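# Descriptive structure summary
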Amino acid sequence: MSARILVVDDLEANRRLLEAKLTAEYYDVLLASRGEEAVQLAKRERPDLILLDVMMPGGIDGFEACRRLKAQPETRHIPVVICTTLDDRESKVRGLQAGAEEFLTKPIDDVHLMARAKSLVGLKVVIDELRAREANGRKLGVIGEDLRPDPVEQHRLVAGNVLVVDDNATQIKRIRSALGAEHRVAVLGDEDAKAAPDLVVVSVTARSFDGFRVIARMRSGEPTRHLPILAVVDPDDRARAVRALELGAHDIIVRPIDEEEIVARARTLMRRKRYMDALRHRLDQSLELAITDQLTGLYNRRFFEAQIAPLVQRAQCGGDPVSVMLIDLDHFKRINDTLGHDAGDVVLREFTVRLASNVRPSDFACRQGGEEFVVIMPRTTGDIACLAAERLRRSICAAPFHAPGLPAPLDVTVSIGVACASADDTAETLMKRADEALYEAKRAGRNRVMGKGASQAA
Ligand SMILES: [Mg+2]
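Criteria and thresholds
Counting restarts for each chain: residues are numbered from 1 in the order of the written sequence. pLDDT decides what is reported in this predicted model: residues at 70 or higher carry local features, side-chain atom pairs at 80 or more are listed and counted, and totals for whole chains, interfaces and linings draw on all residues regardless. Helix numbering and strand numbering both begin at the N terminus, where a helix is a DSSP run of H or I of at least 4 residues and a strand a DSSP run of E of at least 2. Our radius of gyration looks at C-alpha atoms and nothing else; its globule reference is 2.2 Å times the residue count to the power 0.38. Three exposure classes are used, based on other C-beta atoms lying within 10 Å of a residue's own C-beta, which is placed from the backbone: buried for 20 or more, exposed for 12 or fewer, and partly exposed in between. For the purpose of contact definition, each residue receives a C-beta atom placed from its backbone, and two residues are in contact when these atoms lie within 7 Å. Whether two strands pair comes down to DSSP finding at least two bridges between them. Handedness of a crossover: with both strands directed away from the viewer, a clockwise path from the first strand across the helix to the second marks it as right-handed. Any set of buried Ala, Val, Leu, Ile, Met, Phe, Trp, Tyr and Cys residues joined through C-beta atoms within 7 Å is what this text calls a nonpolar core. Axes here mean lines fitted to C-alpha atoms, for a helix over just the part in contact, with angles spanning 0 to 180 degrees between N-to-C directions. An automatic or database domain assignment provides the domain bounds reported here.

### Some words on the overall build of the chain
Assigned secondary structure in the chain consists of 15 helices and 15 strands. In terms of overall dimensions, the chain is more spread out than a globule: its C-alpha atoms have a radius of gyration of 31 Å, far above the 23 Å expected for 458 residues. Judged by the C-alpha coordinates and their principal axes, the chain covers about 90 × 50 × 50 Å. Classification of the 458 residues of the chain by burial places 39% in the buried group. Taking the contacts inside the chain whose residues are at least 6 apart along the sequence as the reference set, 67% of them involve residues at least 24 apart.

Structural data, given as structure tokens:
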């Protein structure tokens, strides 16, 4: 997977060295030599990863650059790895607290750097995909600008559920004491380990179970696939750290666990999970909005059109029969004219309730627009569809509509045209026949069901 990496270092020799290494791995490399320049360049170029030096003379240092990158909305989702010769604990924690995803010490270990780059770039690709789909949704108008609070703001709330998978009592105690102040911490196997976790800490040095297997299984299982995983490894065990990243761990922490470090890492991981969850939620919502009729909650015309064509085609190729019923409320214009559009909407919703209790789970009930509805009935012959239509017709006229918003109980009837797809039908010809049947039902006096070509595929 190719990606663009921004390398920021004040020393040309360091920039060239990293550029050569990354280019050899087929990454595109952007270069900057100052903190301010890096922040500007990142905003303009949107790289997939930023490698950031700490000590840069004049202007802002790497910590400040990282803080600014994480503060501006255009760049805060870009992962940052701080690279420095400062090999002390304070610097490391400072870097992570500034929002960096990782802190690497120079001279940089190539294998570790590449494993990190691959893992962080992979994550960024997923985030980009979600962001692009969200932007598309906005363009199509199916995601409102202010549907929900900004996910970026929302994900600032960091408290969450942490699940610890470990068999080392001392280490568990340390993790609990570090993360317990901010989060709810449970240990796998405990009674309280019931809540859905927001972060999983897995020890790959455990003796009683295989931590790698736990990571791999979590990555491949549907409900746990998107969970951030923090792997605990032994110091200087580069091979296992790289293995954990390759298997899908999002982050690594070395034993003995530094409490401030794990707090900072947990925050970054959870913030990112919240951000991605919020984006996914918005997409689900927008998808639902895109296929739902807002007044009735039934499927809309867009959904109907996407469903009907393949079903008709399948019937045509000798597959299961498919029928449609086209339903029109009788004299609906009169209701709107005499009682007003609000009462008209009440009638449409009340009709929907009766319609919904008369269709099978396998049917698709859609509102075509106005007072016209259509039900797609897969695996249904015309005869059965006519029986279903007749049952629906009766349930509408059997009792007057009685609902808040109506001045008095109101008699409502429907006319229904039924058609079943025959061997040479397209979606258009099928709907045309249903439309003709509906027209005949209207002409014959309304409140009735008519079928067209309904028994051909029986
Ligand atoms: Mg420097």
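### As for the pairing of strand E5 (residues 102-105)
Pairing of strand E4 (residues 80-84) with E5, which is carried by four bridges, proceeds in the parallel orientation. The residue bridging Val-81 from the neighbouring strand is Glu-102, located in E5. Assessed by its sense of winding, the connection that carries the chain from E4 through helix H4 (residues 89-97) to E5 is right-handed.

### Thoughts on the nonpolar core
Ranked by size, the top nonpolar core spans 47 residues in total, and within it Val-324, Met-325, Val-374, Ile-416 and Val-418 carry the most contacts. When sequence neighbours within four positions are dropped, the list of residues in contact with Val-324 reads Val-374, Val-375, Ile-376, Met-377, Ala-419, Leu-430, Met-431 and Ala-434. Of all hydrophobic cores here, the second largest spans 33 residues; its members include Ala-3, Val-8, Leu-22 and Val-54.

### Quick notes on the sheet that holds strand E12 (residues 364-369)
Read from one edge of the open sheet, five strands run E12-E13-E11-E14-E15, paired in mixed fashion. Looking at which strands have only one partner, the edges of the open sheet turn out to be E12 and strand E15 (449-452). Neighbour to neighbour, the strand axes of the sheet diverge by 20° on average, direction disregarded. Relative to E15, strand E14 (residues 414-420) runs parallel, the two being bridged by four bridges. Looking at E15, one finds that Ala-419 is bridged to Lys-452.

### Brief notes about the pairing of E15
Taking every second residue as pointing to the same face, both faces of E15 are buried, with Val-449 and Gly-451 on one and Met-450 and Lys-452 on the other. For the segment spanning E14, helix H15 (residues 427-443) and E15, crossover handedness is left-handed.

### What to know about the domain arrangement of the chain
Here the chain is partitioned into domain 1 (1-108), domain 2 (138-285) and domain 3 (301-452). Each of domain 2 and domain 3 has a C-alpha centre, and these two points are 49 Å apart.

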